[in-house]
Amino acid sequence: MRGFFVVEGRRLSYLDFGGPGIPLLALHGHYNEASAWAPLAESLAPQWRVIALDQRGHGASDRAESYERDDYVADVAAFHQHLGVGPVAVLGHSLGGVNAYQYAARHADQVTALIVEDIGAVVECDWVFTTKLPRHAPSREALASALGTAAPYLESSFRPTEDGWGLSFDMDDTVASQQALNGDHWKDWVSVSSPTLLIRGTRSDELTAAHAREMIARHSGQAHLVELPAGHVVHHDAQMRFATAVRAFLGSS
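Keep in mind it's a predicted model, so treat the numbers as computed, not measured.

## Topic: the side chain of S204
Moving on, step 1. Checked against the element boundaries, S204 lands in the loop between β11 (196–201) and α9 (209–218).
Moving on, step 2. The exposure class of S204 is buried, given its relative accessible area of 14%.
Moving on, step 3. One polar contact links the side chain of S204 to the main-chain amide nitrogen of E206, over a distance of 2.9 Å.

Given below as structure tokens:
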């Protein structure tokens, strides 16, 4: 079920995958949107009910004038309040991972467990790839072809347009968001008190093994690291093993 709510005049969208399970809030990364979590939602049901936000500038949510850290965290807080589900577990990938742990750090009483997928406490994102993405293509097939090996990771964001096919996010907004994501976020990471699972892809070009281990060592509470044979998008490359790790952690936290 798709839902909407309004924050400071902007409409934000989300997908509630439904079911009788315990709510789990899910936050996607750049280039994606809420629908990217559909396979995980299916794997975790019926024990868990995944509710995923289209973050500002992504999916069916409105574009925004600002993509700073505080903006994203405020959106998560508004999303959580809108749902009215009480304290919950929160999961995030990449951009969504930083948003998740910053929300957990700043709203500790609202987060029962935290899952962070393949992003560090220090982020050095290279946005050059974004500037090279095709903005339009005459067909869905042509768009996929232009994206090459990146296509499977972005297909949830494919959209028909007036002149063919494109992506549901704006390139310039994404660059601004990536630039704002960069920086040292150790202060928030070490402030997280909820049980935390950090999942890293062994072929990741975003999170090194050494940095992941440092994150676990410096975490102030209970924290575990799981490394799976995958690239940066672990939930795509190792779909079933990712779901198994998430399920096991949530069952024990």
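## Let's talk about the UniProt feature "domain: AB hydrolase-1" (unreviewed entry) in the protein chain
Moving on, step 1. The positions UniProt marks with the feature "domain: AB hydrolase-1" (unreviewed entry) are residues 23–119.
Moving on, step 2. What you have in residues 23–119 is 35% helix and 26% strand, and the ends, taken at the C-alpha atoms, are 23 Å apart.

## A look at the sheet that holds strand β12 (residues 223–228)
Moving on, step 1. A sheet is described by the order of its strands in space; here 8 strands give the open sequence β1-β2-β4-β3-β5-β6-β11-β12, paired in mixed fashion. If you trace the sheet from one side to the other, it starts and ends with β1 (2–7) and β12, each paired once. With strand direction ignored, the average angle separating the axes of adjacent strands in the sheet is 20 degrees.

## Some points on α9
Moving on, step 1. For α9, the set of buried residues is H211, A212 and M215. For α9, the angular spread of buried residues about the axis comes to 100 degrees, placing them on one side. For α9, the exposed residues lying more than 90 degrees away from the buried face are A210 and A217.
Moving on, step 2. Check the buried side of α9 and you find it contacts β7 (122–123), α8 (186–189), β11 and β12.

## Some points on the pattern of salt bridges
Moving on, step 1. With the rule as written, the count across this model stands at 14 salt bridges.
Moving on, step 2. Residues D54 and R2 are paired through a salt bridge, measuring 3.0 Å at the closest nitrogen-oxygen approach. Taken as a pair, D54 in strand β4 (residues 48–54) and R2 in strand β1 lie far apart in primary sequence, 52 residues in all.
Moving on, step 3. The structure contains a network of salt bridges with shared partners spanning R10, R56, D71 and D75.

About the cut-offs
Residues numbered from 1 in each chain as written. Predicted model: local features only at pLDDT ≥ 70, side-chain atom pairs only at ≥ 80, totals over all residues. Heavy atoms only, no water. Helix = DSSP H or I, 4+ residues; strand = E, 2+ residues; numbered from the N terminus. Buried < 20%, exposed > 50% of the residue type's maximum accessible area, 1.4 Å probe, protein only. Polar contact = N/O pair within 3.5 Å; in protein donor to acceptor, adjacent residues only side chain to side chain. UniProt positions renumbered as here; feature names shortened; annotations may be inferred. Pairing = 2+ DSSP bridges. Axes fitted to C-alpha atoms, helices over the stretch in contact; angles between N-to-C directions. Arc of directions from axis to C-beta. Contact = heavy atoms within 4.5 Å. Salt bridge = Lys/Arg side-chain N within 4 Å of Asp/Glu carboxyl O.

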